[in-house]
Amino acid sequence: MAKITASVFTSHVPAIGAAMDLGKTHEDYWKPLFAGYEFSKQWMKDNRPDVVFLVFNDHATAFSLDMIPTFAIGTADSYQPADEGWGPRPVPVVQGHGMLASHIAQSVIQQDFDLTIVNKMDVDHGLTVPLSLMCGSLDPKKDAWPCPVIPFAVNVVQYPIPSGQRCFNLGQAIRKAVESYDEDLNVHIWGTGGMSHQLQGPRAGLINQAWDSNFLDMLINDPVAAAAIPHIDYVREAGSEGIELVMWLIARGAMSDITDGKQQGTPPTLKHRFYHVPASNTAVGHAILENA
Ligand code: DHB
Ligand code: FE
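All figures in this text were calculated on a predicted structure; none of them were measured in a lab.

A. The arrangement of the overall build of the protein chain in detail. Check the secondary structure of the protein chain and you find 10 helices and 12 strands. Computed over the C-alpha atoms, the radius of gyration of the protein chain is 17 Å, within 12% of the 19 Å expected from 2.2 N^0.38 for a compact globule of 292 residues. Taking all 292 residues of the protein chain together, the buried fraction comes to 57%. Within the protein chain, the 31 negative side-chain charges are centred at a point lying 4 Å from the centre of the 19 positive side-chain charges.

And the structure:
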């Protein structure tokens with residue numbers, strides 16, 4: 001049987017990818033940010049998963065106002081990196097896991113969550129920056145990402161967007177789906193995006209360190225309460241793009257201490273927690289949880 005053994009939470013700022021691709025990680029501005037991921041890169045090597053289920057948001061790369069799926073699962077065998085701004089990143093092509101992804105789609109849809117099935121999709125900084133932070137710089141000509149990735153895109157860009165509670169409930173359905181896959185696979189689930197940031201309007205540049213810190217505490221120790229945070233609180237406190245944080249609740253809801261919407265059983269072990277301001281316009285948060 002496949003099993004979710006760990007969850008990873010991290011921001012996805014595009015400038016982080018550009019800093020890595022342009023060799024700027026040792027500059028004073030970036031050094032403290034990348035120092036926070038040294039532990040994580042070693043942890044990835046020591047706990048290499050068979051598959052990463054990567055919850056992220058697309059930023060008008062694969063989708064546009066023409067088509068706005070709330071939840072979209074990638075069932076393809078590979079995904080090309082693409083991006084706005086700095087352009088497609090020079091990183092390896094992302095290999096998928098069509099078999100497991102199709103199984104999860106079948107199971108989760110039968111558990112009454114509506115997923116869009118995506119057989120062809122380019123992936124932007126929302127997906128490739130978390131991979132780069134966790135796996136380090138790779139040469140697309142000779143390196144590969146350490147394992148296949150199932151991209152799971154959540155619409156947090158164009159309203160209406162899903163609530164944190166729905167994301168948390170979906171995480172539980174995803175765990176059931178993974179655990180009903182008939183092959184021994186070690187699966188990690190990643191929740192990405194956030195933390196506080198606002199890129200537009202009079203409040204552009206907003207960062208709320210106190211709120212972020214409290215969100216990390218709740219996510220780790222009281223995820224049921226974190227799931228109940230209403231949408232308006234994210235927007236008011238963490239900024240219009242801080243709403244990306246609802247995606248972290250999908251990964252947290254998939255951990256083994258959550259059953260029937262309640263926290264029961266042994267909580268996961270916190271392996272790493274990191275927070276840094278600023279990275280571009282964003283507060284960067286990061287945590288790694290291992291199932292008991
Ligand atoms: C920035 C952050 C994001 O989440 C994003 O998608 C684009 C830009 C930023 O901080 O610059
Ligand atoms: Fe973003």
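Picking up where we left off.
B. Broad picture of the pairing of strand E1 (residues 3-10). By the criterion of burial, E1 is predominantly enclosed, with 6 of the 8 residues buried. In this sheet, strand E8 (residues 186-192) lies alongside E1 in parallel orientation, the contact comprising 7 bridges. Residue pairing in the sheet places Thr 10 in a bridge with Thr 192 of E8. In this sheet, strand E12 (residues 282-290) lies alongside E1 in antiparallel orientation, the contact comprising 5 bridges. Paired with Val 8 across the strands is Ile 288, a residue of E12.

C. How the structure looks around the site of ligand 1. Near ligand 1 the following residues occur: His 12, Val 13, Pro 14, His 59, His 125, His 197, Leu 199, Glu 244, Ser 280, Asn 281 and Thr 282. One nitrogen or oxygen atom from the side chain of His 197 is found 2.8 Å from an oxygen atom belonging to ligand 1. Within the side chain of Asn 281, an N or O atom sits 3.0 Å from an oxygen atom of ligand 1. Contact with the protein chains removes 90% of the 290 Å² of surface that ligand 1 exposes when unbound.

D. Expanded view of the packing of helix H4 (residues 98-110) against helix H6 (residues 164-179). Running from amino to carboxyl end, H4 crosses H6 at an angle of 125°, the nearest separation of the two axes being 9 Å. Considering the angle they form, H4 stands oblique to H6. Note that H4 runs across H6; the crossing there is right-handed. For the pair formed by H4 and H6, the contact residues are His 103, Ile 104, Ser 107 and Val 108 on the first element and Leu 170, Ala 173, Ile 174, Ala 177 and Val 178 on the second. Grouping the amino acids of the contact of H4 with H6 by side-chain chemistry returns 7 nonpolar, 2 polar and no charged.

E. View of the pairing of strand E3 (residues 71-74). Alternating positions in E3 separate into two faces, Phe 71 and Ile 73 on one and Ala 72 and Gly 74 on the other, with burial throughout. Alignment of E3 against strand E7 (residues 149-154), held across 3 bridges, turns out to be antiparallel. The residue bridging Phe 71 from the neighbouring strand is Val 154, located in E7.

F. Representation of the sheet that holds E7 in the model. Read from one edge of the open sheet, 8 strands run E6-E3-E7-E2-E8-E1-E12-E11, paired in mixed fashion. Every interior strand has two partners, whereas the edge strands, strand E6 (116-118) and strand E11 (269-279), have only one. Across the sheet, the mean angle from the axis of one strand to that of its neighbour is 20°, orientation sign disregarded. Both E11 and E12 contribute to a ladder of 8 bridges, which runs antiparallel. Paired with Ala 279 across the bridge in E12 is Thr 282. Contacting E1, E11 and E12, helix H7 (residues 209-221) runs over the sheet at an angle of about 165° to E11.

G. Local environment of H4. Helix length check: H4 (13 residues) gives 18 Å between terminal C-alpha atoms against 18 Å at 1.5 Å per residue, within 8%. All buried positions along H4 are accounted for by Gly 98, Leu 100, Ala 101, Ile 104, Ala 105, Ser 107 and Val 108. Close packing links the buried residues of H4 with strand E2 (51-56), E3, E6, E7, H6 and E8. Within two residues after H4, Asp 112 carries a phi angle of roughly 80°, on the positive side.

H. The arrangement of the packing of aromatic side chains in detail. Under the defined criterion, the tally for this structure stands at 10 aromatic pairs. Here the aromatic rings of Trp 30 and Phe 34 are separated by 6.0 Å at their centres, their planes lie at 50°, and the arrangement is tilted. Classification of Phe 34 by relative accessible area gives buried; the value is 10%. On the numbers, 6.0 Å between centres and 65° between planes, the contact of Phe 215 with Tyr 234 is edge-to-face. One end of the pair, Phe 215, is in helix H7; the other, Tyr 234, is in helix H9 (residues 231-238), and 19 residues separate them in sequence. With respect to burial, Phe 215 and Tyr 234 carry one shared label: buried. Through successive ring pairs, a cluster of aromatic residues spans Phe 9, Trp 211, Phe 215, Tyr 234 and Trp 248.

Thresholds, definitions, all that
- Residues numbered from 1 in each chain as written.
- Chains lettered and ligands numbered in written order.
- Predicted model: local features only at pLDDT ≥ 70, side-chain atom pairs only at ≥ 80, totals over all residues.
- Heavy atoms only, no water.
- Helix = DSSP H or I, 4+ residues; strand = E, 2+ residues; numbered from the N terminus.
- Rg over C-alpha atoms; globule rule 2.2 N^0.38 Å.
- Buried < 20%, exposed > 50% of the residue type's maximum accessible area, 1.4 Å probe, protein only.
- Lys, Arg positive; Asp, Glu negative; His and termini not counted.
- Charge placed at Lys NZ, Arg CZ, Asp CG, Glu CD.
- Pairing = 2+ DSSP bridges.
- Near = heavy atom within 4 Å.
- Polar contact = N/O pair within 3.5 Å; in protein donor to acceptor, adjacent residues only side chain to side chain.
- Areas by Shrake-Rupley, 256 points an atom, 1.4 Å probe, with all protein chains shown as cover.
- Axes fitted to C-alpha atoms, helices over the stretch in contact; angles between N-to-C directions.
- Parallel < 35°, antiparallel > 145°, perpendicular 65-115°, else oblique.
- Left-handed = near helix turned anticlockwise from the far one by under 90°.
- Contact = heavy atoms within 4.5 Å.
- Nonpolar A, V, L, I, M, F, W, Y, C, P; charged D, E, K, R; others polar.
- Expected span 1.5 Å × (residues − 1).
- Phe/Tyr/Trp six-rings, centres within 6.5 Å; stacked < 30°, edge-to-face > 60°.

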